[in-house]
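# Commentary on secondary and tertiary structure
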Amino acid sequence: MTVTTMTVNGKSRSAPTEGRTLLVDFLREGLRLTGTHVGCDTSQCGACLVHVDGQPAKACTVLAQECEGAEVTTIEGMANADGSLGKIQQAFQDYHGLQCGFCTPGMVMAAASLLKENPRPSEQEVRHYLEGNICRCTGYHNIVKAIMAASGQQVEAVAAE
Ligand code: FES
Ligand code: FES
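Cut-off values and rules
- Residues numbered from 1 in each chain as written.
- Chains lettered and ligands numbered in written order.
- Predicted model: local features only at pLDDT ≥ 70, side-chain atom pairs only at ≥ 80, totals over all residues.
- Heavy atoms only, no water.
- Helix = DSSP H or I, 4+ residues; strand = E, 2+ residues; numbered from the N terminus.
- Buried < 20%, exposed > 50% of the residue type's maximum accessible area, 1.4 Å probe, protein only.
- Arc of directions from axis to C-beta.
- Contact = heavy atoms within 4.5 Å.

### A look at the environment of T73
- Relative to the helices and strands, T73 is located in strand β5 (residues 71-73).
- For T73, a relative accessible area of 26% puts it in the partly exposed group.
- Placed 23 residues apart in sequence, T73 and V50 show a C-alpha to C-alpha distance of 5.9 Å.

Now the structure itself:
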């Protein structure tokens, strides 16, 4: 056991880890940041998506000790400073981009990465970017709408279901 330290949502955070401890377990169990979900054991669902040093990363595929000293952002870091929903979160609520909500943290983190690299993506680009994130409930349509809205684009242009 060793103590691993990283900056999580702007604050220095530490927890004990073993060499095999995954980043997702460090966040959920070590730091009790349970917004990052585990939805599979095959690295396919994207429910565990966080940002590590500004890049999207599936936290079930990264060892915690590899992130020593890194800057990590989780869904808990996406709210505004006053605790209200951030822009992307609000768009998911406004456009019904969630049902059970299990995939939502990963979807929001993926959307944030996409909009950082491509602030006005096309609908096709949004759909393509979300290929690593699985949603069992929504059929994706309203998720795409929410992300288009968060980018300041007309959602009326998104093809009907
Ligand atoms: S829990 Fe990480 S991809 Fe499914
Ligand atoms: S809202 Fe249920 S899995 Fe996406």
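### Overview of helix α2 (residues 87-94)
- For α2, every residue scored as buried is listed here: I88, Q89, A91 and F92. For α2, the arc enclosing every buried residue in end-on projection is 160°, short of the 170-degree limit, so these residues lie on one face.
- Turning to α2, the residues buried within the fold contact α3 (104-117) and α5 (141-150).
- Within two residues after α2, H96 carries a phi angle of roughly 55°, on the positive side.

Read these as geometric descriptors, not functional statements.
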